[in-house]
Amino acid sequence: MNHFEYINNELYCENVPIAKIAEKVGTPFYLYSHATLKRHFSVFKDAFKKIDSLVCYSAKANTNLAVLKIFEQAGSGLDIVSGGELFRGLKAGFSPDRIVYSGVGKRADEIDYALKTGILMFNVESLEELELINQRAEALNLKAPVAIRVNPDVDPKTHPYISTGLKKNKFGIDVNSALEGYKYAVEKKHINLIGIDCHIGSQLTEVRPFADALENVKKLIYKLKDIGIAITHLDIGGGLGITYDDEVPPQPVEYADAVISSINGLDVKLVLEPGRVLVGNAGILIAKVLYRKRNDLKEFVITDAGMNDLLRPSIYKAFHAVEPVIRKGTEKITADIVGPICETGDFLATDCHIEDVRGGDLLAVMSAGAYGFTMSSNYCSRVRIAEVMVKDAEFQVVNQRQTYEDLVKGESIPAFI
Ligand code: LLP
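Residues numbered from 1 in each chain as written. Predicted model: local features only at pLDDT ≥ 70, side-chain atom pairs only at ≥ 80, totals over all residues. Heavy atoms only, no water.

A. Expanded view of the site of the ligand. Ser202, Glu273, Arg276, Arg312 and Tyr371 are the nearest of the 19 residues found near the ligand. A class-by-class count of the residues in the shell around the ligand yields five nonpolar, eight polar and six charged. Built from parts of two domains, the shell around the ligand gets at least three residues from each of domain 1 (4-32 + 280-407) and domain 2 (103-272). (Near = heavy atom within 4 Å. Nonpolar A, V, L, I, M, F, W, Y, C, P; charged D, E, K, R; others polar. Domains from an automatic or database assignment.)

Shown next, in the form of C-alpha cells:
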C-alpha cells in the first residue's frame, strides 16, 4: 500500500493532508511516513527469515534519529561509515553487537570509538587499515572483530558514481589478493577474523550482479576453509534499487531468493546492509513554487528548495518525479523545476510535465527519503530544512529547520585580523 496518496486531488501522507503540514511547518521540508518505513523493513526482513541473517540498515541513506529508532524497534542492526553515524546509532538505541562499520577511510579516533563501543565487526578495506585496527586494539587491550571487504570485480550496471565493486573503484581488496590478506590478518594478535564482506554498488535493478559477486566470494570462502580459516559472517552489503521512474527492480523476496540460493551450503550468518530500499520511497520533499518565468526556449518553475536540499538530480542527473500537492486539473506544461542557487546545475527536474503550477503552489518531489537530507548542505548559507514524520493522523517535526544563528554557530573572528 502506498502511503503518499491523493484523496480528492489533494496529496496525503498517511492520514494527514500535506498542505496542512506545510501551513504549520513552512517550506521546504522532508516528510517521512512511519507506516511505510515499518512496512519496508518488515518486508525486507521477512524475505530472509528462512536463514540466519541480520539486517543492518545502512544509516547513510537517512540518519534522522526518528527513522533510526523505527528500524531499531523493528529489530534492525546498523551499518555505519563514520564516528558520527556510530554516535547517532547509539543515541537511537542500537545494540553495539548489531553494528557493522564499513568505509575505506576510518580514522584512529573512530576506530577507538568503535572498539570501545564493542561493535559486531569492522569491514576492513585495506591491509594498512587492518594494521591500524590491530594496533589500536592492542593499545586498548581488546580484540577487534573483523571482516575483510573484497572487491568481487563485477559490474553492477548502475550509475558510475555509485558503482563500487569494480577493480577501478577504490573499495575493498581485490578478490585475487584477498587470500593473502586473510593469511596476513589471521596472524594478527588483536584481530578476530570473523567475516567476509562485499558491496558492489547502489540502485541495482537486477539480481544478476549480486549473484555473480556472491559466486566470486563463495570461491574465496572455500579457499579460506582449505587453509583453515573459518568465516562465520558473510556481509553482502546493500544496493537493492527502487522505482524512481519506470525501473522495475527485483522485489526483496526475489533478491532474497537469489542470495539464499547463491549461498546455499555455506555455514555463515548473512549480514545485509540495505539503505535506499528501506527509506527511498518512504520520504518526499515538499517545496513551494516561488516564481514562474520563460524564455524562447524554456519554461522555468522556481522553487524554494534547491540543490543544497536535494543534491541527487544535480550530481547524478537522478530522476525524481515532481507532483503538485493540490491537483487543479489544469493543462500540463513542460518546465525545468529549479532552485534558488547560483548554479546551472541547481535543478530538481528537467523537462518535467506538470500541471500549470503558480507562485504559492506546493510541490512534492517524490522518492526523496534516501540520500536526500543526508546529502544536503548549507551551500549559499541556506539553512538545513526541517524533517517531519507522519504516523497515521499525527505528525511531528523530527528535525527543526535551522536558524541563521545555527549557520554561524562555532565560527569566530580572530582578534588578529
Ligand atoms: N553498504 C555500503 C558499504 C555502502 O557503501 C552503501 C551505500 C550501502 C551499504 C547502502 O546501499 P543502498 O542499499 O542504499 O544502495 N548517494 C548515492 C548513493 C551512494 C551509496 C553509497 N553506499 C545516491 O544518492 O544515489
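Structure's up, so let's keep going.
B. Up close: empty space enclosed by the protein. The full count for this structure, using the stated rule, is one cavity of 30 Å³ or more. Space inside the largest cavity adds up to approximately 60 Å³. Along the walls of the largest cavity sit Cys198, His199, Ile200, Phe210, Ala213, Leu214, Ile236, Gly238 and Val259, which together make up its complete lining. Among the elements that line the lining of the largest cavity, the one with the most residues is helix H8 (residues 208-226), at three residues. (1 Å grid on protein atoms, 1.4 Å probe; cavity = no way out; pocket = protein on both sides within 12 Å on 5 of 7 lines; lining within 4 Å. Points joined across faces, edges and corners; volume = space filled by probe spheres on them. Helix = DSSP H or I, 4+ residues; strand = E, 2+ residues; numbered from the N terminus.)

C. Seen up close, the packing of aromatic side chains. On inspection of all chains with the given rule, the structure shows nine aromatic pairs. Ring geometry for Phe44 and Tyr255: centres 6.0 Å apart, planes at 40°, overall tilted. Taken together, the residues span a long stretch of sequence, with Phe44 in helix H2 (residues 34-47) and Tyr255 in helix H9 (residues 252-262) at a distance of 211 residues. Side by side, Phe44 and Tyr255 carry an identical accessibility label, which is buried. Here a set of aromatic residues connected by ring pairs shows up, and it is made of Phe44, Phe48, Phe210 and Tyr255. The ring of Tyr101 is capped by Lys106, whose NZ or CZ atom sits 5.4 Å from the centre of that ring. Over the face of the ring belonging to Tyr6 we find Arg327, whose NZ or CZ atom lies 3.5 Å from the ring centre. (Phe/Tyr/Trp six-rings, centres within 6.5 Å; stacked < 30°, edge-to-face > 60°. Buried < 20%, exposed > 50% of the residue type's maximum accessible area, 1.4 Å probe, protein only. Lys NZ or Arg CZ within 6 Å of the ring centre and 35° of its normal.)

D. Here's a closer look at the domain arrangement of the protein. If you check the domain split of the protein, you get domain 1 (4-32 + 280-407) and domain 2 (103-272). A C-alpha centroid distance of 36 Å is found between domain 1 and domain 2. Across the boundary between the two partners, domain 1 contributes nine residues, which contact eight residues of domain 2. Taking both sides of the interface into account, the surface hidden between domain 1 and domain 2 amounts to around 740 Å²; carbon and sulfur atoms contribute 57%. Taken together, domain 1 and domain 2 are joined by zero salt bridges. Counting across the interface, domain 1 meets domain 2 through one residue pair in polar contact (both at pLDDT 80 or more). (Contact = heavy atoms within 4.5 Å. Buried area = accessible area lost by both parts, 1.4 Å probe. Salt bridge = Lys/Arg side-chain N within 4 Å of Asp/Glu carboxyl O. Polar contact = N/O pair within 3.5 Å; in protein donor to acceptor, adjacent residues only side chain to side chain.)

E. Spotlight on helix H4 (residues 83-91). Residues of H4 that are buried include every one of Gly83, Glu85, Leu86 and Gly89, and no others. What you see down the axis of H4 is that its buried residues fit within an arc of 160°, all on one side. Summarising the contacts, the buried residues of H4 are in contact with helix H3 (65-73), strand E6 (77-80), strand E7 (99-101) and helix H5 (108-117). Just downstream of H4, Gly93 is the residue with a positive phi angle, here 95°. (Arc of directions from axis to C-beta.)

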